[in-house]
Amino acid sequence: MLRLQTPLPERYRIASDGDLADMIGQAKAALGSRLFILGHHYQRDEVMQWADARGDSFGLSRLAAGQTEAEFIVFCGVHFMAESADVLTGDHQRVLLPDLNAGCSMADMANIDQVTEAWDEMADVVDTSGVVPITYMNSSAALKAFVGRHGGAVCTSSNARAVLTWALGEGRGDQVLFFPDQHLGRNTGYELGYGADDMRVWNPRLALGGLTDVEVKESTLLLWKGHCSVHQRFRPEHIAAFRAEHPDGIVMVHPECAHEVVELADLVGSTDNLIRGVAAAPPGAVIGIATEIHLVKRLGDETPDKTVVCLDPLVCPCSTMSRIDGPHLAWVLEGLVEGDVRNQISVDAETAEWARVALERMLAIT
Ligand code: CIZ
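Here is what the cut-offs are and how they apply
- Residues numbered from 1 in each chain as written.
- Predicted model: local features only at pLDDT ≥ 70, side-chain atom pairs only at ≥ 80, totals over all residues.
- Heavy atoms only, no water.
- Axes fitted to C-alpha atoms, helices over the stretch in contact; angles between N-to-C directions.
- Helix = DSSP H or I, 4+ residues; strand = E, 2+ residues; numbered from the N terminus.
- Parallel < 35°, antiparallel > 145°, perpendicular 65-115°, else oblique.
- Left-handed = near helix turned anticlockwise from the far one by under 90°.
- Contact = heavy atoms within 4.5 Å.
- Nonpolar A, V, L, I, M, F, W, Y, C, P; charged D, E, K, R; others polar.
- Near = heavy atom within 4 Å.
- Polar contact = N/O pair within 3.5 Å; in protein donor to acceptor, adjacent residues only side chain to side chain.
- Areas by Shrake-Rupley, 256 points an atom, 1.4 Å probe, with all protein chains shown as cover.
- 1 Å grid on protein atoms, 1.4 Å probe; cavity = no way out; pocket = protein on both sides within 12 Å on 5 of 7 lines; lining within 4 Å.
- Sits in = over half its atoms within 2 Å of the grid points.
- Pairing = 2+ DSSP bridges.

Attention shifts here to the packing of helix α7 (residues 141-149) against helix α16 (residues 349-365). Contact geometry of α7 with α16 gives a least axis separation of 7 Å together with a crossing angle of 65 degrees. Relative to α16, α7 is oriented roughly perpendicular. Pair α7 / α16 crosses with left-handed handedness. On α16, the residues that touch A141, A142, K144, A145, V147, G148 and R149 of α7 are E350, T351, W354, A355, V357, A358 and R361. Residue classes in the contact of α7 with α16 are distributed as 8 nonpolar, 2 polar and 4 charged.

What follows is the structure in structure tokens.
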């Protein structure tokens, strides 16, 4: 999705790291409790050092909602996260994203027009009152609102199992349309005991998702053809190479990885679960992780008694998350000090209302 970030004035572009640190530190001090900075786990250190709280996308949105005193929430994450924070915070609070180009390629793989079209096409083949739409947290507010309106819910990588169990529970649904990440959907489906024949990929570029009427009718899980560019890079060969070098090593992977990677892991978990997994590993452990590199590096730095390495030797940063940097953070904060609210992310009232319904359903389930 195209979002236009204004080029920064020259003083930010040419500023040294030290100058940027002074600008950010002074603006933060001037704003005091009016400001709360959130840092996603995938953020670079130069930004993370200023965060008042760290977390995953949903954890940070909940933290934002709990910061009722803060007038300005600066979300150092990506666009869909700032939208969720806006949905969950009060009307007196404003959420800002330091760089509007910080999107999420996976979230952009399913848009509201495509999902509405898919739903209408499905309705020609099955009774959609028995289909529960589930969207991963990593999706636009418009998609969260869509699932809210159609009796579905949001899920995160920590609670996908509980949400899918709910969706396919007695009297609720016989089928799930899951978007945008096919891998999280498939890995969770296998965890729940479904087989390959129960799950089919819905390709939004093809009529009826590229499936026959019978395939649509017979699938329990229809998995949107979307993926995370970072997690999809990990391959079984990476795990084989790590295990050859470290026979006692521990392999931890994120459920956005392909199933053939997930089935080789010792621990499969969301960002928060991976962090807990590293903390729980014995001193001296060598841990190979399949997730974003800034998080892997930070885990290594913060647990010096363990060796933490990225399973992909070519390193995989979340390039959109990395757009948030010192110059953009300084520009947004100095704007606030001057009374100029830059890059506010605002979800319209109707979308926010239905997105909140879908988020609240998730909370009620988990
Ligand atoms: O939701 C998030 O923050 C991401 C990107 C993954 C996770 O597992 O928490």
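From this point, things continue past the structure.
Moving on to the site of the ligand. In the vicinity of the ligand, the residues found are H40, Y42, D56, S57, Y136, N138, S157, H254, S270 and T271. One of the side-chain nitrogen or oxygen atoms of S157 is found 2.5 Å away from an oxygen atom of the ligand. One of the side-chain N or O atoms of H254 is found 2.6 Å from an oxygen atom in the ligand. Taken by itself the ligand offers 270 Å² of open surface, and the protein chains cover 95% of this. Judged by its atoms lying within 2 Å of the grid points, the ligand is housed in the largest pocket. Its residues assigned to classes, the shell around the ligand shows 2 nonpolar, 7 polar and 1 charged.

Our next topic: the sheet that holds strand β9 (residues 221-224). If you trace the 5 strands from one edge of the open sheet to the other, you get β6-β5-β7-β9-β8, paired in parallel fashion. Both outer strands of the open sheet, β6 (153-155) and β8 (199-202), are each paired with one neighbouring strand and no more. Sheet twist, expressed as the mean angle between neighbouring strand axes with direction ignored, is 25 degrees. Across 3 bridges, the pairing between strand β5 (residues 131-136) and β6 is parallel. Residue pairing for β6: T135 is matched across the bridge by V154. Along the sheet, helix α6 (residues 112-123) makes contact with β5, β7 (175-179), β8 and β9, crossing β9 at roughly 150 degrees.

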